[in-house]
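Here is what each chain is made of, one letter per residue.
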Amino acid sequence: MALKLNLLVERPDLNDQFEYVVEESNLNTPSTLFIKGPYMMAEGVNKNKRMYPIDELRREVQRYNEEMVIPGRAMGELNHPTSADVDLERACHMVTELYEDNNVFFGKSKVLSTPCGLIVKSLINDGVKVGMSSRALGTLEEGSSHNVVRNLKLVAVDCVADPSYPKAFVNGILESKQWIVAENGKFEEVYENFEKRIKNLPKKNIDEFLRQHILKFISNF
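Residues numbered from 1 in each chain as written. Predicted model: local features only at pLDDT ≥ 70, side-chain atom pairs only at ≥ 80, totals over all residues. Heavy atoms only, no water.

### So, the sheet that holds strand β2 (residues 19–23)
What the 5 strands build is an open sheet, ordered β2-β3-β7-β6-β5; its pairing is antiparallel. Whereas interior strands pair on both sides, the edge strands pair on one side only; in this sheet they are β2 and β5 (75–77). For this sheet, the mean angle separating the axes of adjacent strands, direction not counted, is 35°. As judged from the 7 bridges shared by strand β3 (residues 32–41) and strand β7 (residues 104–111), these two strands associate in the antiparallel manner. Bridging from a neighbouring strand, I35 pairs with S109 of β7. Sheet strands in contact with helix α1 (residues 54–69) are β3, β5, β6 (91–101) and β7, and its direction is about 130° off that of β6. Each of β2, β3, β6 and β7 is contacted by helix α2 (residues 115–125), which is oriented at about 70° to β6, the strand it contacts most. (Pairing = 2+ DSSP bridges. Helix = DSSP H or I, 4+ residues; strand = E, 2+ residues; numbered from the N terminus. Axes fitted to C-alpha atoms, helices over the stretch in contact; angles between N-to-C directions. Contact = heavy atoms within 4.5 Å.)

### Side note on the packing of aromatic side chains
Inspection of every chain in the model, using the stated rule, returns 1 aromatic pair. Seen in terms of ring centroids, Y99 and F106 are 6.1 Å apart; in terms of plane orientation they differ by 25°. Their pairing is stacked. Take Y99: its relative accessible area is 42%, and that puts it in the partly exposed class. Classification of F106 as buried rests on a relative accessible area of 17%. In this structure, K108 packs its charged tip against the face of F34, placed 4.4 Å from the ring centre. (Phe/Tyr/Trp six-rings, centres within 6.5 Å; stacked < 30°, edge-to-face > 60°. Buried < 20%, exposed > 50% of the residue type's maximum accessible area, 1.4 Å probe, protein only. Lys NZ or Arg CZ within 6 Å of the ring centre and 35° of its normal.)

### Thoughts on unusual backbone geometry
You will see that N102, though not glycine, has its phi angle at about 55°, which is positive. Within the fold, N102 resides in the loop between β6 and β7. Here N102 falls in the exposed class, since its relative accessible area comes to 70%. Of note, the phi angle at N151 is positive, near 50°, even though the residue is not glycine. When you line up the elements, N151 lands in strand β9 (residues 147–161). Since its relative accessible area comes to 37%, N151 is described here as partly exposed.

### Let's talk about the nonpolar core
I35, Y39, M40 and V120 are the most contacted members of the largest nonpolar core, which totals 31 residues. In terms of residues, this core owes the most to one element, α1, which gives 6 residues. The residues touching I35, leaving out its near neighbours within four places in the chain, are F18, E19, Y20, G107, K108, S109, V111, V120, I124, V130, M132 and C159. (Core = buried A, V, L, I, M, F, W, Y, C linked by side-chain atoms within 4.5 Å.)

### So, the confidence of the model for the protein chain
Residues of the protein chain with pLDDT of at least 70 account for 63%, and the chain-wide mean is 75. Element-level pLDDT for the protein chain is lowest in helix α3 (residues 192–199), with a mean of 51, against a maximum mean of 95 in β6. Residue range residues 163–176 is modelled with pLDDT below 50. Its contacts to residues more than four positions away, or to other chains, number 26 contacts. (pLDDT = per-residue confidence, 0-100.)

### As for the pairing of β3
Burial analysis of β3 places 7 of its 10 residues in the buried class, the great majority of the element. Alignment of β2 against β3, held across 5 bridges, turns out to be antiparallel. Opposite V22, over in β3, you have L33 as the bridge partner.

### Some points on a nonpolar patch on the surface
A cluster of nonpolar residues, I119, L123 and V128, forms a patch on the protein surface that exposes about 200 Å² of accessible area. By secondary structure assignment, the location of L123 is in helix α2. The exposure class assigned to L123 is partly exposed, which follows from its relative accessible area of 31%. (Patch = residues over 30% accessible without salt bridge, like charges linked within 9 Å, V, L, I, M, F, W, Y side chains within 5 Å. Areas by Shrake-Rupley, 256 points an atom, 1.4 Å probe, with all protein chains shown as cover. Salt bridge = Lys/Arg side-chain N within 4 Å of Asp/Glu carboxyl O.)

### Focus on the pattern of salt bridges
Counted by the stated rule, this structure contains 9 salt bridges. With a shortest N-O distance of 3.2 Å, E60 and R59 are connected by a salt bridge. The class for E60 is buried, based on a relative accessible area of 3%. Looking at R59, the relative accessible area reads 40%, which means it is partly exposed. The salt bridge partner of R150 is E141, with a shortest N-O separation of 3.5 Å. Here R150 falls in the partly exposed class, since its relative accessible area comes to 29%.

If you want it as structure tokens, here you go:
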């Protein structure tokens, strides 16, 4: 049976520690904006009542560094999408560093000169506070007081706004979808409700059944 993974988004409870750093190589080249701060937190129970074991995060950060950060492929999007893939057209930053310090994984990101990256630069220049939020796939091991995340697969670190309750506006939205690992190693969405409805379709006169429901749908406009 295929392992079903939820899409999990998290912001560490350290939102006031993000720094915006402008670096210049020389006077003849444009300056580069970097965002630095805590990207992920292990062991502590967060506001979503989830706990990430240190071994899970340590393993995934090592893989992500080797496969994505070092080769220059660790891009993140502006706001969280409802997808387990990174959309290059929405990329706004690239993670250049990711390291562990006392169960917290700190990172540094280069803000890109893409359209979404320019939006991030404009927001920061206008005094808007932004931060980083991880996007990962995993399973939830339910407990009495909190859930433990297992089978973690880090997808990306996205740039998001910094609301007063940073986890409230994403919890329960992205987890409505599930993914399984396909034979080619990629993640495919599971459409359980759709599959159940297909199984419940009548075996006879299906054309007439579909025609009636399509007409009913059109009449509602």
